[in-house]
Structures are given as structure tokens and as C-alpha cells.
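Geometric and topological summary
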2 protein chains.
Amino acid sequence: MDKKEKLLQAALKLFVEFGFHNTPTSKIALEAGIANGTLFYFFPTKDDLVKALYLDLKSQLAAHTAETIRDQTDLRAMMQGYYSATLTWALKNRTAFRFMQQFNSSPYLHQLAEEEMQKHIRPLLSLLEKGMHDKIIKQMDVDIIFTLISGHTFSINQYLVAKQLTKPEQDKVIHDTFNLLWDMIT
Amino acid sequence: MDKKEKLLQAALKLFVEFGFHNTPTSKIALEAGIANGTLFYFFPTKDDLVKALYLDLKSQLAAHTAETIRDQTDLRAMMQGYYSATLTWALKNRTAFRFMQQFNSSPYLHQLAEEEMQKHIRPLLSLLEKGMHDKIIKQMDVDIIFTLISGHTFSINQYLVAKQLTKPEQDKVIHDTFNLLWDMIT
DNA sequence: GTCTATACACCGATAGAC
DNA sequence: GTCTATCGGTGTATAGAC
């Protein structure tokens, strides 16, 4: 693993534990086993590091969901793939998901270009539009449907993280709550 | 308005714009029209100010929802009251709601006593348990139902804030999405 | 590319007068 | 209670050697 990767990993761990602030760059470098000044060779400012980390994790998640639904053609199966892929990724990468939440509701978010924000949600939006056109999904503003799905996913993740469930129990929750969601939007 | 109130208000405004960090106490005092040192007379530390602000806003919201559903007896009407009261409060107090989101997904949250966290959600939880006992609400873990309601409310707020809707349009969205929610949990 | 050493600005908190 | 003045600690970022 190269030093850049090490820095991102160290930053993630510390940011989630202490917050963006209360995490000096010196601690990040220390945790990564890298000299203080070297951090600024890879990331010109601390803000750049924070944003790079966010974008990196977002790409990882997107890659994982895309991979999961690759072979699906049916809309319901695709949506379910999206849903469970997101949740299993979130469970496997809890600190990553927590960091993304934290970032999402911070003023940092507005520092990112609109384009970079849209890039990863575009596929899901297209899926919804198609489903609506085919009269499978309720005829509502597609943004409402989208926001409902996000909120649902987000909150079930909170639940799964809070409870200590076995893998089969987790799968059952994911399965059952997807049905609730699907019934709501169709 | 007393100085303490002025400080809370100034802090709210600046925290939402710049984040907890990137908002020095000096700026807060300046915005409140109060001397730097005086801030520490009211709040021993900056953290105390942050936490006090959160608790204060949470109480305001709770008071508003409680007031709204006071005369309701029917479960559905009470739930709808809760839902729309929360959303209208959030729309009227956007910065307040944004701050609470920010706080909720920050490490600060863990510094608050469990008791203080539970205090305001207890009434809603009781309502749900009663509804489940009366077989109105689906027989699931009550925490799932609760988290679903929170997530739903949260995400519809995001939607309402993002879109620029007229009051009647807002009311329609709130009405329609409550029906979706209610159908999902009953 | 990576390190050490350090500049220097900034901020939370205190002291003490009124 | 409120102000002014200030200190000590800390953190981002740079300089410069290797």
C-alpha cells in the first residue's frame, strides 16, 4: 500500500473517532507512520485530504453496488441489489459510512462541485425514471422517490449498526425492509 | 433578549455556515455583540456552548410537536401531527435543523448522556408500542419502525429544503408522503 | 519523495479592573 | 456581569537538507 493510501486510511480512522477538527494533521501522519511534512506533499491542505477521502470512499461504494447489480435486468432485482449492496458495504465499512454521513451534513459538502456529487447517483436516478415510465413505480416527482430510498437505506443502516445481529438476522432485516420500501414506491 | 440567548443564536448561525471548528469563539462573541471573555462566563467551554445549543433546539422542537398533537386522541392523527409538526418546524427553522443534523452525525453526540437523548423520543416510542399492541402498526421490532419514521421525516425535509415550493405545494408533499409512510408501517 | 525543524498565526481560556 | 488584555498551547503549512 502506498503512502497516499496509508494517509487516507489513517485520516478516516481518526476523523470518525474525533471529528475533522480535533484531528491534527500531525496525528494523521503519526498514525500512518509517515512524517508530518510529507502529508502536505500528497495533499496541499488538510481540506484537500478531507475531500479526497470522501470522494475516494464514494467511488468505492459506487463500484461495489455497480458490481453487485451487473447481471440484473429486472427492475425490482436491480433495486434490491442496490439496496442490499449498499447496506452490506456500509456494515463492512462502518467507519467509512460514518465518515460519509458526517461529511454529508457538514459545510464541507458545499465545497464540492455539483458534478462530482451527481456522478454517482445518476445511474439510480435513471433506473427510477425508467421504472416510472413503465408504470412500475408510483407517478411522483422522481426526486421524492429518490430521497425516500436514501432516507430508508440510511436509517436501516443506523438500525443495523446499533443492534448486534447475526449475519442471518441482518439479512432478514435487509430483506424485510426492502419489501416495505418496494411496496411503498410501487 | 438576554445575552445568553444572543450567544446561542449567533453560534447557531455561524456553526451552520462554517462548522463547529472554523468558528472561533471570538467570532461568536462578535456576532452576538458581546465581549470575548463574557462568552466564557455563560459557557465554561466552547463544547458546553455547542451542547447547550443542541439541547436547547431539541427542546424547542419537542415543545412544538407536543403542542401540535395535544388535542389528538386517534393514533393516526397523532402520528400525522408529529410528522407534519416536525416538518413545518424544520422548514421554519432551517438553520436549527441543519445544525441538529450536523451534531447528530458528529462525535459530539456521544458526549451527551443517554438519558438526555432518550427524553424527547420517549413519547413517540410509547405511541408506537401502543399502536403495535392494538394491532394497528405492523408487528416488527419497534426500533425498526421508529428508525424508519425518523429516516423518512429526515429525507422529506431534505427534499423540501432543496426545492423551492409554495406553501400549498409543501403541504401536499407532507400530506402525500405521510400517507406513504403510514401505509408502510400499518 | 521523504524527512526534521520550525515559523507564525490563531484560538480557547484566564486574569483582573470596573 | 461585563469588559480589555493577554498567555500558553496547538496546529497548519513551509523551508531546506538528504
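First, a word on scope: everything that follows refers to the structure included in this document. (Residues numbered from 1 in each chain as written. Chains lettered and ligands numbered in written order. Predicted model: local features only at pLDDT ≥ 70, side-chain atom pairs only at ≥ 80, totals over all residues. Heavy atoms only, no water.)

1. Some thoughts on the protein's contact with DNA strand C
- In the vicinity of DNA strand C lie 14 residues, with Ala35, Thr38 and Phe42 of chain A together with Thr25 and Lys46 of chain B positioned nearest.
- Of what DNA strand C places within 4 Å of the protein, 74% of the atoms are sugar or phosphate.
- Taking Ala35 of chain A, its main chain carries an N or O atom lying 2.9 Å from a phosphate oxygen of DNA strand C.
- Here a phosphate oxygen of DNA strand C sits 2.6 Å away from a polar atom, N or O, in the main chain of Thr25 of chain B.
- Residue composition of the surface near DNA strand C, by class: six nonpolar, six polar and two charged. (Near = heavy atom within 4 Å. Polar contact = N/O pair within 3.5 Å; in protein donor to acceptor, adjacent residues only side chain to side chain. Nonpolar A, V, L, I, M, F, W, Y, C, P; charged D, E, K, R; others polar.)

2. Topic: the relation of the copies chain B and chain A
- Mapping chain B onto chain A leaves a residual RMSD of 0.1 Å; the transformation is a rotation of 180° accompanied by 0.0 Å of translation along its axis. What the superposition gives is, in effect, a two-fold axis relating one chain to the other. Closest approach to the rotation axis among the C-alpha atoms of chain B is made by Gly151 of chain B, whose C-alpha sits 2.4 Å away.
- A symmetric contact is evident, with 100% of the interface residues of chain B recurring at the interface of chain A. (Least-squares fit on C-alpha atoms with pLDDT ≥ 70 in both. Contact = heavy atoms within 4.5 Å.)

3. What about the nonpolar core?
- By size, the foremost hydrophobic cluster in this structure holds 63 residues, and its most contacted members are Met79 and Leu128 of chain A together with Met79 and Leu128 of chain B.
- Breaking this core down by element, the ones donating at least two residues are helix 5 (75-92), helix 8 (122-133), helix 9 (142-162) and helix 10 (167-185) of chain A together with helix 5 (75-92), helix 8 (122-133), helix 9 (142-162) and helix 10 (167-185) of chain B.
- Other than its neighbours up to four places away in sequence, Leu128 of chain A contacts Met79, Ile137, Val142, Ile145, Phe146 and Ile149 of chain A.
- Membership of the second largest hydrophobic core comes to 31 residues, among which are Ala10, Phe15, Leu49 and Met100 of chain A. (Core = buried A, V, L, I, M, F, W, Y, C linked by side-chain atoms within 4.5 Å. Buried < 20%, exposed > 50% of the residue type's maximum accessible area, 1.4 Å probe, protein only. Helix = DSSP H or I, 4+ residues; strand = E, 2+ residues; numbered from the N terminus.)

4. Considering the interface of chain B and chain A
- Contacts between chain B and chain A engage 33 residues on the former and 33 residues on the latter.
- Across the chain B to chain A interface the summed buried area is about 2600 Å²; carbon plus sulfur atoms make up 66%.
- At the boundary of chain B with chain A, the tally comes to four salt bridges.
- With a closest N to O distance of 3.4 Å, Lys163 of chain A and Asp141 of chain B form a salt bridge.
- Broken down by secondary-structure element, the contributors of at least two residues to the side of chain B that touches chain A are helix 1 (3-18), helix 6 (94-104), helix 9 and helix 10 of chain B.
- At ten residues, the largest contribution of residues to the side of chain B that touches chain A is made by helix 9 of chain B. (Buried area = accessible area lost by both parts, 1.4 Å probe. Salt bridge = Lys/Arg side-chain N within 4 Å of Asp/Glu carboxyl O.)

5. Brief notes about the protein's contact with DNA strand D
- For DNA strand D, the set of nearby residues contains 14 residues, the closest of which are Thr25 and Lys46 of chain A together with Ala35, Thr38 and Phe42 of chain B.
- Of all atoms in DNA strand D that approach within 4 Å of the protein, 76% are sugar or phosphate atoms.
- Within the backbone of Ala35 of chain B, one N or O atom sits 2.9 Å away from a phosphate oxygen of DNA strand D.
- Within the side chain of Tyr41 of chain B, a nitrogen or oxygen atom sits 3.2 Å from a phosphate oxygen of DNA strand D.
- Of the residues belonging to the surface near DNA strand D, the class tally is six nonpolar, six polar and two charged.

6. Considerations on helix 5 of chain A
Residue and element names in this part refer to chain A.
- For helix 5, spanning 18 residues, the distance from its first C-alpha to its last is 26 Å, which sits close to the expected 26 Å at 1.5 Å a residue.
- Looking at helix 5, one finds that the buried residues are Leu75, Met78, Met79, Gly81, Tyr82, Tyr83, Ala85, Thr86, Leu87, Trp89, Ala90 and Leu91.
- Check the buried side of helix 5 and you find it contacts helix 4 (46-68), helix 6 (94-104), helix 8, helix 9 and helix 10. (Expected span 1.5 Å × (residues − 1).)

7. Some points on the packing of helix 4 of chain A against helix 5 of chain A
All names here are of chain A.
- One way to put it is that helix 4 packs onto helix 5 with a least axis distance of 9 Å and a crossing angle of 135°. Comparing the axis directions of helix 4 and helix 5 gives the class oblique. For the pair helix 4 and helix 5, the sense of crossing is right-handed. Contacts between helix 4 and helix 5 pair Leu57, Gln60, Leu61, His64, Thr65 and Thr68 from the former with Gly81, Tyr82, Ala85, Thr86, Thr88 and Trp89 from the latter.
- Of the residues assigned to the contact of helix 4 with helix 5, the class counts are five nonpolar, seven polar and no charged. (Axes fitted to C-alpha atoms, helices over the stretch in contact; angles between N-to-C directions. Parallel < 35°, antiparallel > 145°, perpendicular 65-115°, else oblique. Left-handed = near helix turned anticlockwise from the far one by under 90°.)

8. Some thoughts on helix 1 of chain B
Residues and elements named next belong to chain B.
- Over its 16 residues, helix 1 extends 22 Å from the first C-alpha to the last, a length consistent with the 22 Å expected when each residue adds 1.5 Å.
- Among the residues of helix 1, Leu7, Leu8, Ala10, Ala11, Leu12, Leu14, Phe15 and Val16 are the ones counted as buried.
- Where helix 1 is buried, its residues meet helix 2 (25-32), helix 3 (39-42), helix 4 (46-69) and helix 6.
- Residue Gly19 follows helix 1 closely and has a positive phi angle near 95°.

9. Focus on the packing of aromatic side chains
Residue and element names in this part refer to chain A.
- Under the counting rule described, the total for this entry stands at 21 aromatic pairs over all chains.
- On the numbers, 5.8 Å between centres and 90° between planes, the contact of Phe20 with Phe99 is edge-to-face. On the criterion of sequence distance, the pair formed by Phe20 in the loop between helix 1 (3-18) and helix 2 (25-32) and Phe99 in helix 6 is long-range, its members being 79 residues apart.
- Residue classification places Phe20 among the buried positions, given a relative accessible area of 5%.
- A residue is classified by how much of its surface remains accessible, and Phe99, at 0% relative accessible area, is buried. (Phe/Tyr/Trp six-rings, centres within 6.5 Å; stacked < 30°, edge-to-face > 60°.)

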